[in-house]
Amino acid sequence: MHDQVIDPAGHDAPGPACGRPDELRVPLPSPAEITTLGAARAAIDGLDAALAVLLERRAAVAAVVQRLKPVGGFAGRDPGREREIVAAMAERAPSLGPERLARIMAAVIEAGLDAAESP
Ligand SMILES: C=C(O[C@@H]1C=C(C(=O)O)C=C[C@H]1O)C(=O)O
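Now for a look at the structure at hand. As the structure is a prediction and not an experimental result, all values here were calculated from the model.

Let us now look at the overall build of the protein chain. Secondary structure summary: the protein chain contains three helices and zero strands in total. Listed by position from the N terminus, the elements making up the protein chain come as α-α-α. Expressed as a percentage of its 119 residues, the buried residues of the protein chain come to 22%. In the protein chain, the proportion of contacts linking residues at least 24 apart, taken out of those at least 6 apart, comes to 49%. Split by element, the accessible area of the protein chain, about 8,600 Å² in all, is 58% carbon and sulfur.

What follows concerns the pattern of salt bridges. Considering all chains together, one arrives at four salt bridges under this definition. The shortest N-O distance in the salt bridge between Arg-25 and Glu-23 comes to 2.7 Å. Residue Glu-23 is classed as partly exposed on the basis of its relative accessible area of 23%. One salt bridge in this structure joins Glu-84 and Arg-81, with 3.8 Å as the shortest N-O distance. Placement of the pair is Glu-84 and Arg-81 together in helix α2 (residues 79-92), with a separation of three residues, close to one helical turn. Salt bridges sharing partners connect three or more residues here, namely Arg-77, Glu-82 and Glu-110.

Position of Ala-115 relative to the elements: it lies in helix α3 (residues 97-117). Overall, the relative accessible area of 37% leaves Ala-115 in the partly exposed class. The sequence separation of Ala-115 and Gly-73 amounts to 42 residues, and the corresponding C-alpha distance is 9.9 Å.

Note that an α-helix has 3.6 residues per turn; residues three or four places apart therefore point the same way. Taking 1.5 Å of rise per residue, the 32 residues of helix α1 (residues 37-68) would be expected to cover 46 Å, and the 46 Å separating its terminal C-alpha atoms lies within 8% of that figure. Where α1 is concerned, the buried positions are Ala-43, Gly-46, Ala-50, Ala-59, Ala-62, Ala-63 and Gln-66.

In terms of nonpolar packing, the biggest core is built from eight residues, these being Ile-85, Val-86, Ala-90, Leu-101, Met-105, Val-108, Ile-109 and Leu-113. Those elements that place two or more of their residues in this core are α2 and α3. Looking at this core, the element that brings in the most residues is α3, giving five residues. Setting aside residues up to four positions removed in sequence, Leu-101 forms contacts with Val-86, Met-89, Ala-90, Ala-93 and Leu-96.

Here we come to the side chain of Glu-82. Looking at the element boundaries, Glu-82 is found in helix α2. In terms of polar contacts, Glu-82 uses its side chain to reach the side chain of Arg-77, at 2.8 Å. Beyond its immediate stretch of four places on either side in the chain, Glu-82 contacts Arg-77 and Ile-109.

Another aspect to go through is the site of the ligand. Neighbouring residues of the ligand: Arg-58, Ala-62, Val-65, Gln-66, Lys-69, Arg-77, Asp-78, Arg-81, Glu-82, Ile-85 and Ile-109. At 2.8 Å, a side-chain N or O of Arg-58 approaches an oxygen atom of the ligand. Glu-82 has a polar side-chain atom sitting 2.5 Å from an oxygen atom of the ligand. When the ligand sits alone it has 360 Å² of accessible area, and the protein chains cover 91% of it. In terms of residue count, α1 provides more of the shell around the ligand than any other element does, four residues in total. A per-class count over the shell around the ligand returns four nonpolar, one polar and six charged.

Calculation notes
- Residues numbered from 1 in each chain as written.
- Predicted model: local features only at pLDDT ≥ 70, side-chain atom pairs only at ≥ 80, totals over all residues.
- Heavy atoms only, no water.
- Helix = DSSP H or I, 4+ residues; strand = E, 2+ residues; numbered from the N terminus.
- Buried < 20%, exposed > 50% of the residue type's maximum accessible area, 1.4 Å probe, protein only.
- Contact = heavy atoms within 4.5 Å.
- Areas by Shrake-Rupley, 256 points an atom, 1.4 Å probe, with all protein chains shown as cover.
- Salt bridge = Lys/Arg side-chain N within 4 Å of Asp/Glu carboxyl O.
- Expected span 1.5 Å × (residues − 1).
- Core = buried A, V, L, I, M, F, W, Y, C linked by side-chain atoms within 4.5 Å.
- Polar contact = N/O pair within 3.5 Å; in protein donor to acceptor, adjacent residues only side chain to side chain.
- Near = heavy atom within 4 Å.
- Nonpolar A, V, L, I, M, F, W, Y, C, P; charged D, E, K, R; others polar.

Written out as C-alpha cells, the structure is:
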C-alpha cells in the first residue's frame, strides 16, 4: 500500500519518517488501493501520526508569532490572516473546500493560541 515507515520513537505503530529532527517525510496512502478495514485504519494511524507532529510544530511556531506581534494571543487574533491561510489550504485541498477548512483551522488556531497561553 505504501512505503516502509520508520517510527522515530522506535515503536511498532505506524508513524512519520523523520530522517532528521527538522524533516518529516510521510508516505501518502492511495485510498483506491485500500481494500480492508485493517489496512484503512493502519493508513489513518500513519496519517494521524504525521498530523500530530505537524500540529505540535505548528503550535510552537504560532507561539513564536505571538511573542513577535505587538499584541499576541487571543487578543491579537487576526481574522484576515486566518482567511488567507484557509484560502491557500483550499487550493491544496479542494475536496474539503474553504468552509470545512475554515472550521478545521479555527480549531487548530485556537488550540495553538491556547497552548501558547497555558503551556
Ligand atoms: C500566528 C498568528 O496569530 C494568530 C494565529 C494564527 C495561526 O495560528 O495561524 C493566525 C492568525 C492569528 O489569529 C499570526 O498573526 O500570524
